[in-house]
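# Residue-level structure breakdown
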Amino acid sequence: MGILAAASELLELSTKLHKLIPPRTGEVDRTMELREERFRRLLRFARENSPFYKERLRGIDVDTCALADLPTLNKPQMMANLDDIFTDRTLRRSDIEAFIADHANIGVYFKGKYALCHTSGSQGQPALVVQDKHAIITSFAAQFARGNKVRRKFLPHIGRLVNPARMVIITQRPGFYPSSTFFNYFPRVARPYLKLQRMSVFDPIEEIVQRLNDFQPTFITGYTSSLEYLAREQEAGRLKLREGGKLEQMNSMSEPLPPPVAERIENAFGVHVTNSYSMAECMALSCGCPVCRGSHLNSDLAILEVVDANNNPVPNGTPGSKVLLTNLYNFVQPIIRYEIDDMVTISPRPCTCGNVLPLIESVGGRAKDQLWVEINGRSRDLPIYVFLAALDNETDLAEHQILQTGVNTFVLRAAAQSGKQLSPERLHNYIKQSLASEGLGGVINLEIELVDRILPDKAGKVSRAKNLIGPPSDQPPENSKASSRVIA
Ligand SMILES: [Zn+2]
């Protein structure tokens, strides 16, 4: 990279960092103004440069329309029309697929300017997302300016050059999935400020422990299941990060962070676990709150509508059945009112940390993995905590997974820590007690399956809950949620 290009990247990063300092009371209007400006600019740009949106926005006054006047977009629609969605008319889905098929291209900008990623496909077909360098810099700036402790010492603080933040990312092996690709495109100019080590959940645990002990990171980011795995290693005394005294913060991503799990990780390491909610389609959607369990929505960079199955907004404090995402900073592949099956709850109260951006209080498991029980002919959600709380009593446990295999029938897969043995009867008793205290005594048929290890799925994640039978029949089936709106 030439000196001029590096200087302009550095200038862009520092300007964005400055602009993204979290708004405090009295600055909300400015955030909403920015959101409105970017929203209108996005709509105009999409209509002028994308054949798909030109058709879609026909007859809509993009300068005055309400958000609800715009059609929604689901993933199959986006993927079927990808070439026409791109505003750079030279982009072709087939070229992108060929590029990412070659792992030698990891971290390489496509056509010299585009960062590429694909979603895991664990939620149906994978989606491809293309963004330019500006969008990548925006995502990093948001991450460092908001909601994590590293930010206060980050750019342009000269001290970080002498004493760079030490970050570990534990995801999976390198690839084009979002959590990997994001850090592969980490701006070169910012590298002196951050020492980065990457680890994979597929690496042997002894190796991970050794590397962590040697590196003594200030910041660890990973899937909830990986952080939980590390917490067990710390509890067992093999991992020594608490002793090193360098660790400042951990960040959980990509998987829900149930309160008992967060507490366990925090107790093990003595640092706060932030919880960030984002996705390939919008990496800068939110930043984990440094004080509470929630994540602050970056309202100037994205619009997140929490809606019911019919796309009607639900009030704050109530979980929606899905969200509609509008990304305000990716102009290459405009994503407008894009449907995602996440059950998000926005907090009705201001956050105690002082950041006035809306707080995403919780993100429920994808609807398809929600567990449920039937009592007196009526179905109700079964929170996974009834199992998790019970399993906290079992200190020899290394990994676990709950499968719903039938109506009121569940299987607990459990793996013992190395050198330890689990007793199925004891596990069964713990859960029986927990269920009884929730008023569910005698309702559930539970089988215990002891295994050596619960392997992560293709995406490197271990789901704590898997529903193999789908939602109950007295609830709307999953596919009725997808928009059936015909593309105009
Ligand atoms: Zn907060």
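The text that follows walks through the structure, step by step, so that each part is easy to find. None of these values were measured; they are calculated from a predicted model.

## Things to note about the overall build of the protein
If you tally the helices and strands in the protein, you get 15 helices and 20 strands. Within the protein, the fraction of its 488 residues that count as buried is 41%. At a minimum sequence separation of 6, the contacts of the protein that also span at least 24 residues come to 68%.

## Let's talk about the sheet that holds strand 10 (residues 302-307)
The antiparallel open sheet is built from three strands, whose spatial order is 10-11-12. The sheet is open, and its two edges are formed by strand 10 and strand 12 (338-340), each paired on a single side. Averaged over all pairs of adjacent strands, the angle between their axes in this sheet comes to 25°, without regard to strand direction.

## Comments concerning the pairing of strand 14 (residues 359-364)
For strand 14, the buried fraction is high: five of the six residues fall into the buried class. Taken together, the two bridges between strand 9 (residues 295-297) and strand 14 define a ladder with antiparallel strand orientation. Bridge pairing links Ser295 to Ile360 in strand 14. Sheet topology note: the strand 13 (residues 343-346)/strand 14 ladder contains four bridges and is antiparallel. Across the sheet, the residue bridging to Met343 is Gly364, located in strand 14.

## Overview of the nonpolar core
Counting residues in each nonpolar core, the largest one holds 98 residues, and the members touching the most others are Ala141, Ile265 and Ala302. Here this core takes eight residues from helix 7 (residues 133-145), the largest share from any one element. Sequence-distant contacts of Ile265, that is, excluding residues within four places in its chain, are made with Leu227, Glu228, Ala231, Met250 and Val273. With 12 residues, the next largest nonpolar core counts Leu403, Leu412, Leu427 and Ile431 among its residues.

About the cut-offs
- Residues numbered from 1 in each chain as written.
- Predicted model: local features only at pLDDT ≥ 70, side-chain atom pairs only at ≥ 80, totals over all residues.
- Helix = DSSP H or I, 4+ residues; strand = E, 2+ residues; numbered from the N terminus.
- Buried ≥ 20, exposed ≤ 12 C-beta atoms within 10 Å, placed from the backbone.
- Contact = placed C-beta atoms within 7 Å.
- Pairing = 2+ DSSP bridges.
- Axes fitted to C-alpha atoms, helices over the stretch in contact; angles between N-to-C directions.
- Core = buried A, V, L, I, M, F, W, Y, C linked by C-beta atoms within 7 Å.

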